[in-house]
There are 2 protein chains.
Amino acid sequence: MVNATVGIVGGGQLAQMTYLAGVSLGIDVVVLCPDGTEPAVRAGATHVAGVPERFDDLLDLARRCDVVTLDHERTPTDLLQRLSDAGYRVAPSAEAARVGRDKAAARVLAQAHGVPVAPWIVTGELEQVTSFGAVHGWPLHLKSTTGGYDGRGVWPVRSPAGVPEVMGQSRGPLLVEPTLRLEHEVSAVVVRSWSGQMVTYPLIETIQVDGACREAFVPAEVPQALRAQAGDVAAELAEAIGLVGVMAVELFVADGRLLLNELAVRPHNSGHLTIEACATSQFENHLRAVLDLPLGASELRTPAAAMANVMGGPDGADPFDRVVGALAVPGAAVHRYGKAPAPNRKLGHVTATGLDAHQARSIANRSAAALASRAAS
Amino acid sequence: MVNATVGIVGGGQLAQMTYLAGVSLGIDVVVLCPDGTEPAVRAGATHVAGVPERFDDLLDLARRCDVVTLDHERTPTDLLQRLSDAGYRVAPSAEAARVGRDKAAARVLAQAHGVPVAPWIVTGELEQVTSFGAVHGWPLHLKSTTGGYDGRGVWPVRSPAGVPEVMGQSRGPLLVEPTLRLEHEVSAVVVRSWSGQMVTYPLIETIQVDGACREAFVPAEVPQALRAQAGDVAAELAEAIGLVGVMAVELFVADGRLLLNELAVRPHNSGHLTIEACATSQFENHLRAVLDLPLGASELRTPAAAMANVMGGPDGADPFDRVVGALAVPGAAVHRYGKAPAPNRKLGHVTATGLDAHQARSIANRSAAALASRAAS
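Reading guide: rules and limits
- Residues numbered from 1 in each chain as written.
- Chains lettered and ligands numbered in written order.
- Predicted model: local features only at pLDDT ≥ 70, side-chain atom pairs only at ≥ 80, totals over all residues.
- Buried ≥ 20, exposed ≤ 12 C-beta atoms within 10 Å, placed from the backbone.
- Helix = DSSP H or I, 4+ residues; strand = E, 2+ residues; numbered from the N terminus.
- Pairing = 2+ DSSP bridges.
- Contact = placed C-beta atoms within 7 Å.
- Nonpolar A, V, L, I, M, F, W, Y, C, P; charged D, E, K, R; others polar.
- Least-squares fit on C-alpha atoms with pLDDT ≥ 70 in both.
- Axes fitted to C-alpha atoms, helices over the stretch in contact; angles between N-to-C directions.
- Expected span 1.5 Å × (residues − 1).
- Parallel < 35°, antiparallel > 145°, perpendicular 65-115°, else oblique.
- Core = buried A, V, L, I, M, F, W, Y, C linked by C-beta atoms within 7 Å.
- Arc of directions from axis to C-beta.
- Left-handed = near helix turned anticlockwise from the far one by under 90°.

**Q** Any chance you could explain the pairing of strand β9 (residues 182–192) of chain A here in plain terms?
**A** The side chains of a regular strand alternate, first on one face of the sheet and then on the other. All names here are of chain A. Where burial is concerned, most of β9 is hidden: 8 out of the 11 residues are buried. The pairing of β9 with strand β11 (residues 204–209) spans 3 bridges and is classified as antiparallel. By the bridge assignment for β11, V186 is matched with E205. Alignment of β9 against strand β10 (residues 198–200), held across 3 bridges, turns out to be antiparallel. What sits directly across from R192, in β10, is M198. Count of turn residues in the β9/β10 antiparallel hairpin: 5 residues, of which G196 carries a positive phi of about 95 degrees.

**Q** Explain the interface of chain A and chain B to me, please; I cannot follow it from the model alone.
**A** Note: interface size is frequently given as the accessible area lost on complex formation between the parts. If you look at the interface, chain A gives 31 residues, while chain B gives 31 residues. Among the elements of the structure, α1 (13–25), α12 (323–327) and β16 (333–336) of chain A are those that each provide at least two residues to the side of chain A that touches chain B. Grouping the constituent residues of the side of chain A that touches chain B by class yields 18 nonpolar, 9 polar and 4 charged.

**Q** Looking at this structure, I do not really get the relation of the copies chain A and chain B. What am I missing?
**A** Two chain copies, one operation linking them: a rotation about an axis together with a shift along it. Of the two same-sequence chains, chain A is brought onto chain B (RMSD 0.0 Å, axial shift 0.0 Å) by a rotation of 180 degrees. In short, the pair behaves as if placed about a two-fold rotation axis. Proximity to the rotation axis, assessed at the C-alpha, singles out G44 of chain A in chain A; its C-alpha lies 2.0 Å from the axis. In this assembly the copies share their binding face: 100% of the residues contributing to the interface of chain A also contribute to that of chain B.

**Q** What am I meant to see in the sheet that holds strand β5 (residues 121–123) of chain B here?
**A** Sheet strands pair by backbone hydrogen bonding; their relative direction is either parallel or antiparallel. Residues and elements named next belong to chain B. If you trace the 4 strands from one edge of the open sheet to the other, you get β5-β8-β6-β7, paired in antiparallel fashion. Each edge of the open sheet carries a strand with a single partner, namely β5 and β7 (154–157). Adjacent strand axes in the sheet meet at a mean angle of 30 degrees when their direction is disregarded. Both strand β6 (residues 140–144) and strand β8 (residues 174–178) contribute to a ladder of 5 bridges, which runs antiparallel. Looking at the pairing, S144 lines up with L174 of β8. Contacts from helix α7 (residues 126–136) reach β5, β6 and β8, with the element oriented near 155 degrees to β5.

**Q** What exactly am I supposed to notice about the environment of S144 of chain A here?
**A** Residue and element names in this part refer to chain A. In this fold, S144 is placed in strand β6 (residues 140–144). Owing to 21 C-beta atoms within 10 Å, S144 belongs among the buried residues under this scheme. If we ignore the near neighbours within four places in the chain, the residues touching S144 are G153, S170 and L174.

**Q** Where do I start with helix α1 (residues 13–25) of chain B in this structure?
**A** For an α-helix, the turn length of 3.6 residues means that residues three or four places apart are oriented alike. Given a rise of 1.5 Å per residue, 13 residues ought to cover 18 Å, and the 19 Å separating the end C-alpha atoms of α1 of chain B matches this to within 8%. Extensive coverage of α1 of chain B is indicated by the burial of 13 of its 13 residues.

**Q** Looking at this structure, I do not really get the packing of helix α5 (residues 94–101) of chain B against helix α6 (residues 103–112) of chain B. What am I missing?
**A** A packed helix pair is summarised by two numbers, namely the angle formed by the two axes and the spacing between the axes. Residue and element names in this part refer to chain B. For the pair α5 and α6, the least separation of the axes is 5 Å and the interaxial angle reads 100 degrees. On the basis of the axis angle, α5 is roughly perpendicular to α6. Residue-level inspection shows R98, V99 and G100 of α5 in contact with α6, the latter providing A105, A106 and L109.

**Q** I keep staring at the sheet that holds strand β2 (residues 28–33) of chain B and nothing clicks. Help me out?
**A** Residue and element names in this part refer to chain B. Spatial ordering of the open sheet is given by β3-β2-β1-β4, a layout of 4 strands whose pairing is parallel. Since the sheet does not close on itself, it has two edges, and those belong to β3 (46–49) and β4 (67–70), each with one partner. Between one strand axis and the next, the sheet turns by 30 degrees as a mean value, whatever way the strands run. As paired strands, β2 and β3 are joined by 4 bridges and run parallel to one another. If you follow V31 over to β3, its bridge partner there is H47.

**Q** Sorry, what's going on with the nonpolar core here?
**A** It is characteristic of soluble globular proteins that their nonpolar side chains tend to be buried jointly. In terms of nonpolar packing, the biggest core is built from 222 residues, with V31 and V350 of chain A together with V31 and V350 of chain B touching the most fellow members. Residue contacts for V31 of chain B: discarding those within four places in its chain leaves I8, G10, G11, A15, E38, A40, V41, A45, H47 and V48 of chain B.

**Q** Please explain helix α3 (residues 55–63) of chain A as it appears in this structure.
**A** Residues and elements named next belong to chain A. All of the buried residues along α3 are L58, L61 and A62. Taken down its axis, α3 places every buried residue within 95 degrees of arc, on the same side. Every exposed residue of α3 that faces more than 90 degrees away from the buried side is listed here: D56 and R63.

**Q** Sorry, what's going on with the packing of helix α4 (residues 77–85) of chain B against α5 of chain B here?
**A** All names here are of chain B. Viewed as axis vectors pointing N to C, α4 and α5 meet at an angle of 165 degrees, and their least axial separation amounts to 8 Å. Judged by the inter-axis angle, α4 sits roughly antiparallel to α5. You can see that α4 and α5 cross each other, and the crossing is right-handed. In this structure, α4 contributes T77, L80, Q81 and S84 to the contact, and α5 contributes A94, A97 and R98.

If you want it as structure tokens, here you go:
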């Protein structure tokens, strides 16, 4: 497993940061994506031109590497299964990827393992939504069971009158949940290797705006008992799906208890701060896991850390045109992915460490604010 | 200074780590070196084939970038001056580079700024060496004034009888110094930008074996007053040479006081631990400095950190064939440069952070020891 090559389907920022972690370990990274302007290719990863929906392209990638892993959720799981059946190592497995991207499957799994979830149904019928609302109260949240992210595929609905429009927009049955009074949103990042070694990162708290992650910080401001429980939940679910690689288990805290929100079976936005905050980042541990190398330590090496995402502004301008202001904030670690700017697109992030989460958040947010479009501020 | 390109003469590990720092900032790095197997090129830096001794090659590099900087000390300073005279930005300047690589010039500079140095002469005459020895006592250390590093170009001589052989080996006059009873060796890493902004890193202690750096750690185990004084010395010398970029001021501690050893006008082996230990590493700050961007914070974000170099063993085997053992030490950050193995060649390093230097050193050394050739251990 030395001089190994890891293939990644997708060449976005997750692949880029994984690539960078690989350079220091001498691990080669090959990425499959349509063109050579993607962040991972710009950073230096070997490029295989292709799309995740074509089996031949996946095969082309797999033939060049020791293991295939994922930067995003767009690879059809049946193709991942075919790759695996053809004798190629795929991590996560097709089944783990499938559970991860299906909100209903994730809830079934969670319930089977005693992990609390909010009341839910999956339905395509207005009448069932209406009765669910009558029992649990309006407004409700309707969600695509698959394919939603960053606030897409989630629709808050105030009354039965709003349901038909959402049903028209969505392609299949919807996951229906009550509106929760969220006290916190947290992310338990766990890594598991082929041989079953597992480490969990300290629980990360996230701040979501319009369904998209804006900030993440450690330590999460929830009681220690919940932090420990979240780690246990993540480990149990990782074991249950035979995880190989990194998974983020996103949880709500409501009424003082944890509820499963969703799984992301890959390195995750909430875990970017592990680059600065931990001895071994989620990206390096993802590589170690999929190559079955010993996993690195996940403890914090600093009392606290915080990350703020840098999003494209409504004017489509590049926030990094203002990078000088962001660099001028002492303690800010600026990460620019090198993507073309677009409104609400994640173009980078800023991380800071600190003596407590408040201090770290203040540094990260001040630096990120310097990048924010003037039109938006 | 956004979307900037930095040219580096040399493609070794310093250029590699500078390149990696650049990716996250969206700064492009182009390196001039003979072939594409050098560490920085393997990592993804754009490659300009050429050698530092040919002006046309330097010009080829300079034309592609906003500023030219150095990975090593092999570029003739007159060629750097010609580049600068031709209107290209060169950082450090030819003059700063010259002072940095000439041990006698560095001592003259230090003395002019009230920085203590050990008694020294530069001479090519046996008789002068003999009288110096009669005054200061044998053994003496004879050193090449330029071109020495990692123990090369330094000869301990026990008595006048040993001098002629050294004089025969060396190409020019020698720097002659008494043998000091060293209590510590320390490195004060300082960064200065074009506009004169300056930051100094916490003083780093180094452990040298046969003249080559084996370990570095922070905090240095010297009194706080000396730590502060070392930072002041570094800042004063940086100002004096009009430094642009990173410089390591290597100092001895003998009889409880600091003495200048040498200057390295570039990112330095002793500063590798700043990647893990500081908000902004020496490599990122070098890029910021040469592009005149605001400098980042140099404070420790962890109580302590330590680095151990990974050298090629006497058998010429690649220590990274044993990387699994190194990764199995929790908390170790393994850096592999991707160089061809050779005896005593620096092939990588391991960094660890910790609650104190003892803990950090223990982790880094255990991990590095797992890589050490069995023949050597």
